[in-house]
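# Observations on the three-dimensional arrangement
Listed here are the chains, written in short residue letters.
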Amino acid sequence: MPSNNSKKRPSSFILLIAYCFPVSDAFVWHSSTHRRIAKNQVLLYPHPITRPSLEMTAKDIDGKSVAESIRSELASKLASLPADVTSRPGLAVMLVGSRKDSQTYVRMKQKACADCGMVSFLEEYPKGEDVTEEMLLAKIRDWNEDEAVHGILVQLPLPKHIHEERILSEVDPKKDVDGLHPANTAKLFSTATHAGAVKLNWKDFTSIPFHIPCTPQGCIELLDRINDGQGIEIEGKNAVVIGRSNLVGMPVAMLLLHRNATITIVHSRTKNIESIIQQADIVVAAVGRANMVQASWLKPGCVVIDVGINSVDAPDTKRGYKLVGDVNYAEAKEVCEWITPVPGGVGPMTIAMLLRNTWNSWRRATGQMEG
């Protein structure tokens, strides 16, 4: 016979009792959180759990606005340099072939440099099929020795007959503003937890003495600048990164780890991927699959950084297609607290971070920053 105090027990106590009895489904429903919980999960101390309201609409993380702020900050710093400082950050770009999209990206980077007061150099090889690796390596070696060049960027992809890794590895790590050189990757993947290791301030990317890949860096910058510049607390949060690429997935996971988040990386071979993502306070989607992540996969109140840029058919539009991310934006917006739209989220941050890496490289080369 139940005691007279049974009505005063928190609803989670009901869930505890449910584990004592067989259930047909693999999950039970928690009445106070409105979430499914695996039936083999044990609650040692029943207590009421609070959660954000189900009736919410996420705020957009405006990457375009944040990127413009960063570019404006750089322009202001360059404009305020003393009159006797005549050197300016220089970015050299190598463009091989005649791909229209690559040409567009390069023009955007050159314009961004000019707008900030930086100098850009462009070496074009329009007939990509006639280019040899030695030709490209020779040019990179020239740039490595050129004191006017502080950043070197090889626009990808390269023609199939060119060994991409060999070309990228030839870039001086100090001028590798893409952050893709093996030496810079190794530094990023060092947690410096051993005795005597130099601790870096991962809350200030301008103080890091080596280059960090632009898109992952931009993802963290967005987390730090949302909510009217106050950012969100990363330390102690559960973060799930979807995708394990060398360009985004792995480096952004390391950046989150450096900020003391608890990291899980999921990929094409991960089992029960939905249930893992449901535990995340921060989700970074970088897998390249249109609308893969559904609202039901997300924890209410989470923050979503959608790196994916995918083209899907849209017959009712002028172009016949539209760009979408890896997350089902329309549905996810009803569950999470913050989310990056596609386009207009992470995309604009990449060039902004490229400019900042070039600025940092210039500062180190001119003795204004150690490292």
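The present account deals with the structure reproduced in this document. Please read these numbers as outputs of a predicted model, since none were measured by experiment. (Residues numbered from 1 in each chain as written. Predicted model: local features only at pLDDT ≥ 70, side-chain atom pairs only at ≥ 80, totals over all residues. Heavy atoms only, no water.)

## Thoughts on the environment of G179
Short version of the rule: In this text, helices come from DSSP runs of H or I with a minimum length of four residues, and strands from runs of E with a minimum of two, each type numbered from the N-terminal end. Summary of the burial criterion: residues with accessible area below 20% of their type's maximum are buried, those above 50% are exposed, and those between are partly exposed, where the area comes from a 1.4 Å probe applied to protein chains only. By definition, residues are in contact when any of their heavy atoms lie within 4.5 Å.
Relative to the helices and strands, G179 resides in the loop between α5 (164-170) and α6 (182-188). Here G179 falls in the buried class, since its relative accessible area comes to 3%. A C-alpha to C-alpha distance of 4.7 Å links G179 and I212, two positions 33 residues apart in sequence. Ignoring any residue separated from it by four or fewer positions in sequence, one finds G179 in contact with N184, T185, H211, I212 and P213.

## A look at the pairing of strand β7 (residues 238-242)
Convention followed: Only strands joined by at least two bridges in the DSSP assignment are considered to pair. By convention, a crossover is right-handed whenever its connection, traced from the first strand over the helix to the second and viewed with the strands pointing away, goes clockwise.
Counted residue by residue, β7 has four buried out of five residues, so it is predominantly covered. Sheet analysis places β7 next to strand β8 (residues 262-266), joined by five bridges and oriented parallel. Among the inter-strand pairings, A239 is bridged to a residue of β8, identified as I263. Note on the crossover from β7 through helix α8 (residues 249-258) to β8: the handedness is right-handed. As defined by bridge partners, β7 adjoins strand β9 (residues 282-285) across four bridges and the pair is classed as parallel.

## Some details on a negative patch on the surface
Here is the rule: Within this analysis, patches are made of residues with over 30% relative accessible area and no salt bridge. Like charges are joined at 9 Å or less; nonpolar side chains (Val, Leu, Ile, Met, Phe, Trp, Tyr) at 5 Å or less. Per-residue accessibility takes into account occlusion by the displayed protein chains alone, with areas from the Shrake-Rupley method and a 1.4 Å probe. What makes a salt bridge here is a side-chain nitrogen of Lys or Arg within 4 Å of a carboxyl oxygen of Asp or Glu, nothing more. In this tally Asp and Glu are treated as negative and Lys and Arg as positive; neither His nor the chain ends contributes. Every charge is mapped to an atom, namely NZ of Lys, CZ of Arg, CG of Asp or CD of Glu.
The grouping of D142, E145, D146 and E147 at the surface amounts to a negative patch. Looking at the element boundaries, E147 is found in the loop between α4 (133-145) and β6 (151-154).

## Side note on the sheet that holds strand β4 (residues 90-96)
Applicable threshold: To obtain an axis, a line is fitted to C-alpha atoms, over the contacting stretch when the element is a helix, and the angle between two such axes runs from 0 to 180 degrees between their N-to-C directions.
Strands sit in the order β5-β4-β6 across an open sheet of three strands; the sheet is parallel. Sheet topology places β5 (119-125) and β6 at the edges, where each strand pairs with a single neighbour. Across this sheet, the average inter-strand angle for adjacent strands is 15°, counted without regard to direction. The sheet contacts of helix α3 (residues 100-116) involve β4, β5 and β6, and relative to β4 the element is tilted by about 170°.

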